[in-house]
Each structure stands twice: as C-alpha cells, then as structure tokens.
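A look at the structure
For reference, the chains in residue letters:
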Amino acid sequence: MKHQVNDLAMFGGSSVFAQPLFVGRPSVGDRSRFFERLSQVLDRQWLTNNGPLVREFEGRIAEVAGVEHCVAVCNATAALQLLHRALGVRGEIIMPSMTYVATAHSARMAGLTPVFCDVDPLTGCLDPAAVESALSERTSAVLGVHLWGQPCAVEDLTKVADRHRLTLTFDAAHALGCTEQGRPIGGFGEAEVFSFHATKVVNSFEGGAVVTGNAALADELRALRAFGAADGAIRSVGTNAKLSEAGAAMGLTSLEAFPATVRHNRANLKAYRTELDALPGVRVLPFDESASANCQYAVALIDAEVTGVHRDLLVRALAAENVIAQKYFSPACHQLEPYAGAVRLPNTERLAEQVIALPTGPATSVEQVRLVGELLRYLVSHGPELSARVGR
Ligand code: T4K
C-alpha cells in the first residue's frame, strides 16, 4: 500500500481511495419501493399532517422498540425538546457531555439547565455514581444517552432516578434496534428518542420519534408537534414539528433494509476489530455479541501516549487518503462555547481526545474496511515519524 511515509497522500502521494468513504452514508433501501410510495403520496395528495405513511412508520417503529406509542417528528432535536416540555421538567437536567450537542441544545431550548457529568471511561456512557454526585435541589431530570448505540447503564440510572424522584428519559438517537438485557431500547424510562437523520441507521431524510408506554404523554406530544392542536381545538402552546409523508416514505423503505444494514455494519465492525485489535494504543469499541446491536458507528480510541501520534493527525492523514473519519464527539459539550464553564470531566475529556468514528454503513464494503485498517496500521506504526514531521 505505502512503502514510505512520503507515499502518504498528505505528502503528495496518491490517495488509497479514489472516492471518499464516509461515516454517515444514508441507508436508503430499495429505490423502486421508495418511488412507489412517493407516487402513492402524490396520488393521494396528502403530503403531511399525520398522513397514512407517517402512521404506518410510527407503528413499525413502536414494534421495533417494543412499546405502545411512537410519535414521529421532524428530527430528534425537536423530539427531545418536545419531550422535556411534555414532561414538564424544570431547572437542572443531568446528562453526559460525551454526546452530540443536540442533546444539550434541546434541553437549553426547552428552558432547562444542562448539568454535565462524567462518563464510564470504557463505554463513554453516563456514570450513575457521577450522576448522584451532580444532584442539586434544582435537579428534576436525568437524560441518559445510548452512545454509539451501546445501551447506557439503564438499570442503575433507573435506581438513581427512582431514589431521588427524578424524571428519567433517554436519548436513543444512535440505538434503534439495540437491546439491553434482552429488552429493546425504547422501553426504558419515561420515554426514549430516536433520530432518523440521513446519517442514521434508518433515515427519513430528517426525522425523529419519541417512543413511550405512556398514552397520556404520547397524546400530549402529538398535540405539541402540531401547534398544540387536539380534537379540533388548540389546547396548549405547541410548535410545528411534524414529519412529512415523503420523509415517512423514506423511513419505511430504509426500515425494510434495516436487518441487512445491521448485518453489513456488524461484518464491518468485525473486520475493523480483526485489522486493529492487536495494534498497541488502539482500541476498537466491541459490541455485545449476545445482545442485538445496530453497530452503526465503528468507533476506535487512539491513545497518543502509546501510538506517538495524536488522533487529530490521524484524521488529517486519513482524509488525505479519502477516508473521511469523524470525531464523534470532540470537543465534548462542556468544552463548546455555549456551555464552557469551570466543570472538569476527566473521563469525558480523555475520550474526546481519543475518539475517532471510522467509515461504515452499506456504502462501505468489508474490503474497503480492510484497506482502511491496513492504512491505519501503517499510520500508527509510523506515528512518531509522522508527528515529528507534521506536529499534531
Ligand atoms: N442525540 C444524539 C446523540 C445525536 O448524535 C444526534 C444527532 C441528535 C441527538 C440529534 O438528532 P437529529 O436532530 O439530527 O435527528 C451528524 C448529524 O447531522 C446528526 O444527526 C448526528 N447526531 C451527528 C452525530 O452527526 P454532522 O455535522 O457530523 O453531519 P455531516 O453533515 O457532517 O455528515 C456526516 C457525514 O455523513 C458526512 O461526512 C457525509 C455523510 N452524509 C451526510 C449527509 C447529511 C452523507 O453521506 N449524506 C447526507 O445526506 O452531524
């Protein structure tokens, strides 16, 4: 592949890949099915406002999540905001900082104060003991995030929430189709939120949903997503956060491809592990083989003290080779301008320095994954030389 460091694309050599490989290429499913559905939408001339495809999509997602109710909305950020509003949470909400900024923004937009607390150093998910230490008299809720599709410590977080009478919800944007102790993600806490953004394992172009077993909560969310309207009257102050029929047509089609997408992602993740597991200073996040996991993110942690090369330099070197990796999530939320403050979260900060999400999904083949693995091995084994030439 590369014989000397000068062969790297960042030093003028040719790129390993002619076309870019991405982390979040959409899983669109069968195009003809999608166009058929879209054509039906046009024939019906019913494009939005709780149309038949949105209701069908909600039914399918509720089945996957093993819950009674699913309320589809225009994206997961809006879903989280509406959920906070519908539950009437106030004051402080404890959440991890190792998440996409949408988790924090949606709380802030709903008038809450996000309180970031530290995470488990191995999984990046909320540490229940740290949650307990972050409690104050203003705390009214805890929001767990199933980071990269791994279920967070649901059982222990439930105990903490019960003990302190806090509202517990989950950001499950990454975790459609994952299970925790045999139970599907979707049925924990008061409610959970999925994302169907283009980059997610099931997409509706843009989209999201709240799933819950609570009928009254679902009813309130349905009103809130449509101007506060229910039974022909406006009963509360709502917004417009509806999912369109075109979005639902894509959601249903993408969902049909979901089992194949997951099989593909699993094979990719296995290939990354085979390629990289023996590499000192590099840890590919495992998946629980006994549980179902969607494996939509192939995440590796790079310990620069061992490899002699920082994650940032690897991301640059990979990009030159047309491997477009992502730093999900770096900086962490508490390091971003709107949330910057005095809080120090050592485990989160270490992960934010190390994390790299590598290309996967249906558009990335196992053979391509093997080449990315080989390339990363080359970069890491020449880490000190690279760092000496380029810095970070
Ligand atoms: N909670 C968590 C834990 C989340 O991760 C997210 C979103 C949310 C809540 C909120 O969900 P939504 O409100 O979005 O439903 C992306 C996504 O925009 C975002 O949905 C996602 N998480 C986050 C982790 O990633 P960016 O800024 O990295 O996206 P972007 O546009 O750079 O795309 C990433 C890669 O995907 C690109 O390199 C190319 C590829 N891509 C992207 C798009 C949009 C495609 O191939 N096709 C596409 O259409 O945020």
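Rules used in this analysis
- Residues numbered from 1 in each chain as written.
- Predicted model: local features only at pLDDT ≥ 70, side-chain atom pairs only at ≥ 80, totals over all residues.
- Heavy atoms only, no water.
- Near = heavy atom within 4 Å.
- Polar contact = N/O pair within 3.5 Å; in protein donor to acceptor, adjacent residues only side chain to side chain.
- Nonpolar A, V, L, I, M, F, W, Y, C, P; charged D, E, K, R; others polar.
- Axes fitted to C-alpha atoms, helices over the stretch in contact; angles between N-to-C directions.
- Helix = DSSP H or I, 4+ residues; strand = E, 2+ residues; numbered from the N terminus.
- Parallel < 35°, antiparallel > 145°, perpendicular 65-115°, else oblique.
- Left-handed = near helix turned anticlockwise from the far one by under 90°.
- Contact = heavy atoms within 4.5 Å.
- UniProt positions renumbered as here; feature names shortened; annotations may be inferred.
- Buried < 20%, exposed > 50% of the residue type's maximum accessible area, 1.4 Å probe, protein only.
- Disulfide = S-S within 2.5 Å.
- Expected span 1.5 Å × (residues − 1).

**As for the site of the ligand**
Inspection of the region around the ligand gives 24 residues, with R25, T77, D171, H174 and Y328 positioned closest. Within the contact set of the ligand, an oxygen atom lies 2.5 Å away from a side-chain nitrogen or oxygen of T77. When grouped by side-chain class, the residues that make up the shell around the ligand number 10 nonpolar, 11 polar and three charged.

**Section: the packing of helix 3 (residues 76-87) against helix 4 (residues 101-109)**
In helix packing, the relevant descriptors are the interaxial angle and the interaxial distance, both defined with respect to the helix axes. Contact geometry of helix 3 with helix 4 gives a least axis separation of 8 Å together with a crossing angle of 40°. With respect to each other, helix 3 and helix 4 are oriented oblique. Relative to helix 4, helix 3 is oriented so that their crossing is right-handed. Contact residues: helix 3 offers T77, L80, Q81 and H84, while helix 4 offers A102, T103, S106, A107 and M109. Here the residues of the contact of helix 3 with helix 4 sort into four nonpolar, five polar and no charged.

**Some thoughts on the UniProt feature "modified residue: N6-(pyridoxal phosphate)lysine" (unreviewed entry) in the chain**
What UniProt calls "modified residue: N6-(pyridoxal phosphate)lysine" (unreviewed entry) maps, in this numbering, to K200. Tracing the chain through its elements places K200 in the loop between strand 9 (191-195) and strand 10 (208-212). The class of K200 is buried, set by a relative accessible area of 12%. Setting aside residues up to four positions removed in sequence, K200 forms contacts with A173, H174, S195, Q296 and Y297.

**Describing the state of the cysteines**
Counted according to the given criterion, the structure contains zero disulfides. Summary of cysteine pairing: C125 is not part of a disulfide, and the nearest cysteine sulfur, belonging to C152, is at 5.5 Å.

**Observations regarding helix 9 (residues 258-276)**
Taking 1.5 Å as the rise per residue, helix 9 with 19 residues should run 27 Å; its terminal C-alpha atoms sit 26 Å apart, in good agreement. Every buried residue of helix 9 is accounted for by F258, T261, V262, N265, N268, L269, A271, Y272, E275 and L276. In this fold, the buried residues of helix 9 make contact with helix 8 (245-256), strand 13 (282-284), strand 14 (298-302), strand 16 (355-358) and helix 13 (366-381).

**Some words on the packing of helix 9 against helix 13**
The contact between helix 9 and helix 13 brings their axes to 9 Å, and the two run at 25°. The orientation of helix 9 with respect to helix 13, classified from their angle, is roughly parallel. The handedness of the crossing between helix 9 and helix 13 comes out as right-handed. Between helix 9, through A267, N268, A271, Y272, E275 and L276, and helix 13, the contact on the second element is made entirely by V366, V369, R370, V372, G373, E374, L376 and R377. Here the contact of helix 9 with helix 13 is built from residues that sort into eight nonpolar, two polar and four charged.

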